[in-house]
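Single-letter residue listing:
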Amino acid sequence: MLVIKNLHASINGKEILKGLDLEVKPGEIHAIMGPNGSGKSTLAAVIAGRELARVTEGTVEYFGRNLLDMLPEERSKEGIFLGFQYPIEIPGVSMVNFLKTAVNTHRRHKGLDPLSASDFLKLMREKKEMVEIDSKLANRSVNEGFSGGEKKKNEIFQMAMLEPTLAILDETDSGLDIDALRVVANGVNKLKRPDNSAVVITHYQRLLDYIVPDVVHVLYDGRIVRTAGKELAFELEEKGYEWIRSEVDNQSGYE
Amino acid sequence: MNNKSEFSERYSDLYTENRHLIQSSSTDYINSFREEAIERYRILGIPSRKSEMYRYTNLDIFFRHDFKSYLAPGDEESIKAEEFRCDVASLDTHGLVLMNGFYPDLKNKLRQLPEGVWVGSLKEASVRFSDKIREHYGKYAKSESDGLVHLNTAMASDGIFVYVPEGTLLTKPVQIVNLVYSDEDIFNQHRNLIIVEKNSGIAIIICDHTLSPRKFLTNAVTEVYVGENSHFDIIRVQNEHNNASKISHTFIHQEKSSQASSNNLTLHGGLVRNSTYHFLGGEGAESNSYGLYLADKFQHVDNYINVEHAFPHCTSNQLFKGVLDDMATGAFNGRIYVAKDAQGTLAYQRNNNILLTDDAKMYTKPQLEIYADDVKCSHGATVGQLDNDSLFYLRSRGIDKREAMLMLMFAFTHEVIQKINIEPLRERMDNLVMQRLKGELSRCASCMVQCG
């Protein structure tokens, strides 16, 4: 589904990703872990098409297509969803109008008729229940005045509405209390299907108590330095990132 | 004086040449203002950019044009006005029409609405309501420094008169449709007087339209008296074509515990200059001055606001927002004056602008003069682009860039539109603004009136 090869990317002229390789297959949940500043959010930005992350080398293919040639809105319509680390507040744009525009754009892309107002509200109700989001949130402006937890739940709600093929959740768990964390994780688990995938970017192992990944990667200094099964997450939790850090730094010393 | 336009004399000559015609159609009382006003105009002239109040608006290029002056109503135009049937979708109003600044020659020049409010021609009212005219006419338009107000006082002879007697609440808004229509390029002036006596309430909607594609220049003055405990709303919807220049001066005088709101919604127009004066002339009065301007191509929109706190414990708000595209320019000058005795004043001001191109320009200037010490004042201005993070957020959900930009611009403008208290009008304005932002309202369109 997603094949990243030798990806180099910089932000404001500073190289952050330094030759990253990653492959995600349908039906898989990947966790990408790593210390702060290792390039986790830059990776999410590159996949979603945020301009501030500039790709200098390497390829990103999504179902065989060059993802880097696609506009952010095209990527979304083709099934990529980014759950933001810091969801943006947009005063004056109502959640209903926002989601209706987004959902109907996706439908048009698939050759479907737009949903009627009543069908749309019905869909919203269903998904709200599914992700256990407070129904009052849907009557407000996008993220405006939402608490940190509400914003993250709202990301999961949007994901439920758009049913992506590939969801990238960028530290969706950070700053969440246990209750919100559970809601976020449940959302991801309920939306799981054999043909879709998720990449969960996280600093902590905590979220992985609720979401069981098929593959765990460690991102360090712009590269994937370890890839293993879910046991890697426990090891990291136990030993901390220092262990990886010293190991990787030693290795590069021998080169 | 060196801060007047070189074309000023042309317009004082116009008065001298037509003195007889102008005076013949007005009462002695209205005429009694003219000579002094033209003298003041001769001194002040048409403001040039050296004048502090007009620093960002070059009137020369509009006043230099050889306009035919429209000093008396013609028959043909009256017929046109009569044909102009306005029916507002779901907005129930008492409608009035001004054609080139004159009340058309209809049978009923002054009429009483069921609630007891009088509406109609100012010229007619100056005869039938001479006591009210004496009490209020020329009392509030007292901008000493603006020659154009004096030019209007010297030359205007008709306009709209609205009289709301004490203790009268008008539930339906009054809608004034200003039409400009001619086969020639014309300069026209009119004068409105709105009297709201104490414990009363009224909402007035003014729509500015152009009906033929000639060059037009309008210089209008509106005086408003808002009595004690009264409530007054004025909403101006400006939708004229690119060859039209509209200069309006609105003076709102408020008494104790009154509330007044003004909302200038500029959708379209070549040159638009709105001067809005709020005089808080009694304790506990509240004034709101709102505005929204959407301009593109070579359009220019200038809002000058002057709020004067003359008494203690009054509140004022200013909120103006604009979206400027192409080479359009805008100006906002918000003056707040707090007199020495106006303790406990609350005065707020905000002006936010979005420039869609590198060539669009916005000049914004707060002007606070505070002589009292127990005062809470704030002001803020921003000029910027659409927020990139918000844009990306919307696009990351599949919404096309153009649609996302529209949503953000619409959200930006909606803050002003939601201040409109008349729900059907608010909805209509939302639609019109959306159309305008999409570029579908490229010419003077049907505003909120649907004309059959």
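The structure presented is a predicted model; accordingly, all values stated were derived computationally and were not measured.

Novice: How should the overall build of chain B be read in this particular structure?
Specialist: In terms of helices and strands, chain B carries 11 helices and 22 strands. Expected size for 452 residues packed as a compact globule is a radius of gyration near 22 Å; at 21 Å, chain B falls within 12% of this value. In terms of its C-alpha atoms, chain B occupies a principal-axis envelope of roughly 70 × 55 × 50 Å. Residue pairs at least 24 apart in sequence account for 83% of intrachain contacts in chain B once pairs closer than 6 positions are excluded.

Novice: Even after reading the chapter, I still don't get the packing of helix α1 (residues 8-24) of chain B against helix α3 (residues 34-44) of chain B, so can you show me in this structure?
Specialist: All names here are of chain B. Contact geometry for α1 and α3: axes closest at 11 Å, N-to-C directions at 170°. Here α1 lies roughly antiparallel to α3, going by the angle between them. Judged by residue contacts, S12, Y15 and Q23 of α1 engage R34, I38, Y41 and R42 from α3. A per-class count over the contact of α1 with α3 returns three nonpolar, two polar and two charged.

Novice: Honestly, the sheet that holds strand β6 (residues 80-83) of chain A in this entry has me stumped. Any pointers?
Specialist: Strand pairs in the sheet, formed through backbone hydrogen bonds, run parallel or antiparallel to each other. Residue and element names in this part refer to chain A. The mixed open sheet is built from six strands, whose spatial order is β6-β9-β10-β3-β11-β12. Taken across any chain shown, the strands that pair with only one partner, and hence form the sheet edges, are β6 and β12 (223-228). On average, adjacent strands in this sheet sit at an angle of 20° to one another, irrespective of strand direction. In the sheet, β6 pairs with strand β9 (residues 166-170) via four bridges, with the strands oriented parallel.

Novice: Which parts of the structure should I look at to understand the confidence of the model for chain B?
Specialist: For residues with low pLDDT, the predicted coordinates do not support detailed interpretation. When pLDDT is averaged along chain B, the result is 91; 93% of the residues meet or exceed 70. Reported confidences for the modelled complex are a pTM of 0.88 and an ipTM of 0.95.

Novice: Just checking my understanding: could you explain the interface of chain B and chain A for this structure?
Specialist: The figure often quoted for interface size is the accessible area lost as the parts come together. Listed as interface residues are 17 residues of chain B and, on the opposing side, 18 residues of chain A. When residues of the side of chain B that touches chain A are traced back to their parent elements, those giving at least two are α9 (388-395) and α10 (401-417) of chain B. Top element by residues in the side of chain B that touches chain A is α10 of chain B. It accounts for seven residues. Classifying every residue of the side of chain B that touches chain A by side-chain character gives six nonpolar, four polar and seven charged.

Novice: Even after reading the chapter, I still don't get α3 of chain B, so can you show me in this structure?
Specialist: An α-helical segment advances 3.6 residues per turn. Residues three or four places apart therefore align on the same side. Residues and elements named next belong to chain B. Residues R34, A37, I38, Y41, R42 and L44 constitute the buried set of α3. On the buried face of α3, the contacting elements are α1, α2 (28-31) and α8 (147-155). Following α3 by one or two positions, G45 adopts a phi angle in the positive range, close to 70°.

Novice: When you look at the environment of G39 of chain A in this model, what are you seeing that I'm missing?
Specialist: Residues and elements named next belong to chain A. Following the sequence through the fold, G39 ends up in the loop between β3 (29-33) and α1 (40-48). When the C-alpha positions of G39 and I168 are compared, they lie 14 Å apart, and in sequence the two are 129 residues distant. Filtering out sequence-adjacent residues up to four positions away, G39 remains in contact with I16, L17, L219 and G222.

Novice: It is not clear to me how the packing of helix α4 (residues 117-131) of chain A against helix α5 (residues 148-162) of chain A should be interpreted in this structure. Could you clarify?
Specialist: Helices that pack against each other are described as a pair by the angle of their axes relative to one another and the distance between those axes. Residue and element names in this part refer to chain A. The N-to-C vectors of α4 and α5 enclose an angle of 130°; their axes lie 9 Å apart at closest approach. Considering their axes alone, α4 and α5 lie oblique with respect to each other. Between α4 and α5 the crossing geometry is right-handed. Residues K127, K128, M130 and V131 of α4 form the contact with α5, whose own contacting residues are K153, I156, F157, A160 and M161.

The rules behind these values
- Residues numbered from 1 in each chain as written.
- Chains lettered and ligands numbered in written order.
- Predicted model: local features only at pLDDT ≥ 70, side-chain atom pairs only at ≥ 80, totals over all residues.
- Helix = DSSP H or I, 4+ residues; strand = E, 2+ residues; numbered from the N terminus.
- Rg over C-alpha atoms; globule rule 2.2 N^0.38 Å.
- Contact = placed C-beta atoms within 7 Å.
- Axes fitted to C-alpha atoms, helices over the stretch in contact; angles between N-to-C directions.
- Parallel < 35°, antiparallel > 145°, perpendicular 65-115°, else oblique.
- Nonpolar A, V, L, I, M, F, W, Y, C, P; charged D, E, K, R; others polar.
- Pairing = 2+ DSSP bridges.
- pLDDT = per-residue confidence, 0-100.
- Buried ≥ 20, exposed ≤ 12 C-beta atoms within 10 Å, placed from the backbone.
- Left-handed = near helix turned anticlockwise from the far one by under 90°.

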